[in-house]
Amino acid sequence: MKILAIESSCDETSVAIVEDGKKVLSNVVFTQIDIHTKFGGVVPEIASRHHIEKITYVIEEALNEAKITIDEIDKIAVTAFPGLVGSLMVGINAAKTIGLCYNKEVIMVDHIHGHIYANYLESDFKFPVLALVVSGGHTELVLMKDHMNFEVIGETLDDAVGESYDKVARVVKVGYPGGPIIDKMAALGEPTYALPHVKLGKDSYNFSFSGLKSAVINLCNKLEMKGEELNANNLAASFQDAVLDVLCEKTIRATKEFGAKQIIVAGGVAANKGLRKILQEAVDELDDVILTFPSFKYCTDNAAMIGVAAYFQDKVVK
Amino acid sequence: MDKLNLIIKTEDQMIHLGELIGSICYPKIVFAMNGNLGAGKTTLTKGLGKALGIKRTINSPTFTIMKVYEGTMPLYHLDVYRIENSDSDFELEEYFDLDGVSVVEWADNISDLLPNNTIYLHFTINEVGNRLVEITSTDKEFMEKLESIVGEYLC
Ligand SMILES: Nc1ncnc2c1ncn2[C@@H]1O[C@H](COP(=O)(O)OP(=O)(O)OP(=O)(O)O)[C@@H](O)[C@H]1O
Ligand SMILES: [Mg+2]
């Protein structure tokens, strides 16, 4: 089955053609990040305006690259939620129009399911699967006993991980997007600053990152008042250490408690090199658990992952 | 313009202040919150949600711009941190007309879209980490009610 998938929930306009949930025939991503960089974040009106301009072009490009025509497509998939309403609508309207014109079913996909299923392109799932979903808007631990079966066992009580990277990058004035910048700086520094590793009690799978944000702000203010120089790389390393320690500890504890056979990491922060390293080291200590990350091009928003999730959604419903 | 100055010393007090504010909310009320990163805007919203009987976790809407929660009245939790200059074509102001409570973090970024009787909350962090919350509004009735219940936090 060939699915044409559309993703326009936030920064990216992307269209992919995916066969049987596994083979990516094309995955065209039209990044809007250059436009946003100068604003230090996503600007919704601009986001949706550009999606409208780009979407027809991106759909054609995806078909060209896959060397097929729209008639050979079996179903259409689109990100339905969550996301910026204006941006989402551009994708949904495009999908519905194509569906109506060419008489094809439209599958509405949850963006988070897409991020999780990006991992299926790397490896089949060995259930139970534990997914660590880490992005700009989400921080969740999701237990999957089977395909399309999602149980959220923990979530952030305040800021999401990616959000906290962006905000700390803004406080330290090192630019946007904060994730990759801080990851790079952290590799050059040492965790010399004491920052809170917030675990919320030994049984909790929830996360809290707003206290860490406040601690970084306090630290910067204090140093400034004392006229002391901030070592930005060391601060990045200390911050990253606090975040990754918490993510890793909870993921590993949940893996043991629920007997997960596979850990998958999903969402934009899955591209973080420090996270990949610390989790791999922790998983190496466990017996019989595999760890997968999406390849870098499928960590950030893309339509291929939506095509994979749609394939399983369609299969499970039947 | 009526004005109240409050001092909030802990996170729990901030949640409590949110609960007090939530207890006197009415449909279509709009709260515009401004103040630095980490000043307590989301924390206060958690308390407000509690007063509206919302059970779900209220977390930061910075990335998604808007989250809706069902309570005794719907809560529209907006965060326009990432919107730096508002062309009004995103239609955020539509939420202000719905029969719920709207809370907008970083509201200065869309100040031109806010209705007349908006309740403004300005947060600052002082040298010792206490939060100063300055509340202003032309809604006299609301401000009087509020003054009568937040006595413990007045400064
Ligand atoms: N007196 C206080 N009132 C509120 N929060 C406090 C107080 N003292 C410390 N804090 C801490 O400050 C942080 C406030 O974070 P919160 O996310 O609510 O701020 P915010 O204003 O929403 O930030 P942002 O601009 O990132 O949206 C929390 O970690 C909280 O524990
Ligand atoms: Mg906030």
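Residues numbered from 1 in each chain as written. Chains lettered and ligands numbered in written order. Predicted model: local features only at pLDDT ≥ 70, side-chain atom pairs only at ≥ 80, totals over all residues.

### Thoughts on the overall build of chain B
This is how the line gets drawn: Numbering of helices and strands runs from the N terminus; a helix is a DSSP stretch of H or I covering at least four residues, while a strand is a stretch of E covering at least two. Radius of gyration here is computed from C-alpha atoms only, and the compact-globule reference equals 2.2 Å multiplied by the residue count raised to the power 0.38.
A count of helices and strands for chain B gives three helices and seven strands. Reading the helices (α) and strands (β) of chain B from amino to carboxyl end gives β-α-β-α-β-β-β-β-β-α. In terms of C-alpha radius of gyration, chain B reaches 14 Å, essentially the compact-globule figure of 15 Å for 155 residues. If one aligns the C-alpha atoms of chain B with their principal axes, the spans along those axes are about 40 × 35 × 35 Å.

### Considering the environment of A:Phe312
Residues and elements named next belong to chain A. Rule in force here: Placing C-beta atoms from the backbone, we regard two residues as in contact once those atoms come within 7 Å.
If you trace the backbone, Phe 312 turns up in helix α10 (residues 303-317). Expressed as a C-alpha distance, the spacing of Phe 312 and Val 109, which sit 203 residues apart in the sequence, is 10 Å. Ignoring any residue separated from it by four or fewer positions in sequence, one finds Phe 312 in contact with Gly 21, Tyr 117, His 147 and Met 148.

### Looking at unusual backbone geometry
Residue and element names in this part refer to chain A. Filter applied, for reference: Here exposure depends only on C-beta density: within 10 Å of a residue's C-beta, 20 or more other C-beta atoms make it buried, 12 or fewer make it exposed, and intermediate numbers make it partly exposed, the C-beta atoms being placed from the backbone.
Pro 82 follows Phe 81 through a cis peptide bond whose omega is -15 degrees. Along the chain, the position of Pro 82 falls in the loop between β4 (75-81) and α3 (85-102). Omega for the peptide link from Tyr 176 to Pro 177 comes to -5 degrees, which places this bond in the cis form. Within the secondary structure, Pro 177 is located in the loop between α5 (161-171) and α6 (178-188). The phi dihedral of Lys 173 is positive, around 60 degrees, even though this residue is not glycine. The class for Lys 173 is exposed, based on 9 C-beta atoms found within 10 Å.

### Observations regarding the nonpolar core
Note the threshold: We call a set of buried Ala, Val, Leu, Ile, Met, Phe, Trp, Tyr and Cys residues a nonpolar core when their C-beta atoms link them within 7 Å. For the domains described, the bounds stem from an automatic or database domain assignment.
Judged by nonpolar contacts, the single largest core of 92 residues is most densely connected at A:Ala5, A:Val15, A:Ala131, A:Ala304 and A:Val308. Ranked by residues supplied to this core, first place goes to helix α8 (residues 232-258) of chain A with nine residues. A domain-level breakdown of this core finds at least three residues from each of domain 1 (2-116 + 299-317) and domain 2 (124-293) of chain A. The contact partners of A:Ala304, leaving out residues within four places of it in the chain, are A:Ala5, A:Ala16, A:Val18, A:Val24, A:Asn27, A:Leu121 and A:Tyr298. Membership of the second largest hydrophobic core comes to 46 residues, among which are B:Leu17, B:Ile29, B:Ile58 and B:Phe123.

### What about α5(A)?
The buried fraction of α5(A) is high, at nine of eleven residues. Count one or two residues on from α5(A) and you reach A:Lys173, which has phi positive near 60 degrees.

### Topic: the packing of α5(A) against α6(A)
Relative placement of two packed helices is described by the angle separating their axes and the distance separating the axes. All names here are of chain A. Note the threshold: To obtain an axis, a line is fitted to C-alpha atoms, over the contacting stretch when the element is a helix, and the angle between two such axes runs from 0 to 180 degrees between their N-to-C directions. The labels follow the angle: roughly parallel below 35 degrees, roughly antiparallel above 145, roughly perpendicular from 65 to 115, and oblique for the rest. By the convention adopted, Pro, Cys, Tyr, Trp, Phe, Met, Ile, Leu, Val and Ala count as nonpolar, Lys, Arg, Asp and Glu as charged, and the other residues, Gly among them, as polar.
As a packed pair, α5 and α6 sit with axes 8 Å apart at the nearest point and diverge in direction by 70 degrees. Comparing their axes, α6 and α5 come out roughly perpendicular. Residues Gly 162, Tyr 165, Asp 166, Val 168 and Ala 169 of α5 form the contact with α6, whose own contacting residues are Gly 178, Gly 179, Ile 181 and Ile 182. Residue composition of the contact of α5 with α6, by class: five nonpolar, three polar and one charged.

### Observations regarding the sheet that holds strand β3 (residues 66-69) of chain B
Residue and element names in this part refer to chain B. Spelled out, the test is: By definition, two strands form a pair when at least two bridges between them are found by DSSP.
Read from one edge of the open sheet, seven strands run β1-β7-β6-β2-β5-β4-β3, paired in mixed fashion. The open sheet terminates on both sides in strands that have one partner only, identified here as β1 (2-8) and β3. For this sheet the average axis-to-axis angle between neighbouring strands, irrespective of direction, equals 15 degrees. Note: strand β2 (residues 30-35) against strand β5 (residues 101-105), four bridges, orientation parallel.

### Some remarks on the site of ligand 1
To keep it simple, the criterion reads: By convention here, the C-beta atom is placed from the backbone, and a residue is near a molecule or strand when that atom is within 6 Å of it.
Looking at ligand 1, there are 23 residues lining it, with B:Met14, B:Gly40, B:Lys41, B:Thr42 and B:Thr43 nearest. The site occupied by ligand 1 is bordered by residues of chains A and B. Contributing elements (two or more residues each) for the shell around ligand 1: α7 (210-226) of chain A together with α1 (11-23) and α2 (41-51) of chain B. Looking at the shell around ligand 1 residue by residue, the classes come out as four nonpolar, twelve polar and seven charged.

### Structural notes on the domain arrangement of chain A
All names here are of chain A. When its domains are assigned, chain A resolves into domain 1 (2-116 + 299-317) and domain 2 (124-293). The interface of domain 1 with domain 2 comprises eleven residues on the first partner and 14 residues on the second. Every element with two or more residues in the side of domain 1 that touches domain 2 is listed here: α4 (111-117) and α10. Classifying every residue of the side of domain 1 that touches domain 2 by side-chain character gives five nonpolar, six polar and no charged.

### Observations regarding the sheet that holds strand β5 (residues 106-110) of chain A
All names here are of chain A. Pairing in this open sheet of five strands is mixed, and the strands run β3-β2-β1-β4-β5 from one edge to the other. Of all the strands in the sheet, the pair left with one neighbour each is β3 (23-31) and β5. With direction set aside, neighbouring strand axes in the sheet form an average angle of 20 degrees. Of the strand pairs in this sheet, strand β1 (residues 2-7) and strand β2 (residues 12-19) are connected by six bridges, and their pairing is antiparallel. Counted as the bridge partner of Leu 4 is Ile 17 from β2. Where α3 meets the sheet, it contacts β1, β4 and β5, and its direction lies at approximately 155 degrees from that of β4. Packing against the sheet, α10 makes contact with β1, β2, β3, β4 and β5, and its axis sits at approximately 125 degrees to β1.

### Considerations on the packing of α8(A) against helix α9 (residues 273-284) of chain A
Residues and elements named next belong to chain A. Stated formally: The crossing is said to be left-handed when, going from far helix to near helix, the turn is anticlockwise and less than a right angle, and right-handed when the turn is clockwise.
Two elements in contact, α8 and α9, have axes separated by 10 Å at closest approach and are oriented at 40 degrees. For the crossing formed where α8 meets α9, the hand is right-handed. Where α8 approaches α9, its residues Gln 240, Leu 244, Leu 247, Cys 248, Thr 251 and Ile 252 are matched on the opposing element by Gly 274, Leu 275, Ile 278, Leu 279 and Ala 282. Of the residues that constitute the contact of α8 with α9, the class distribution is eight nonpolar, three polar and no charged.

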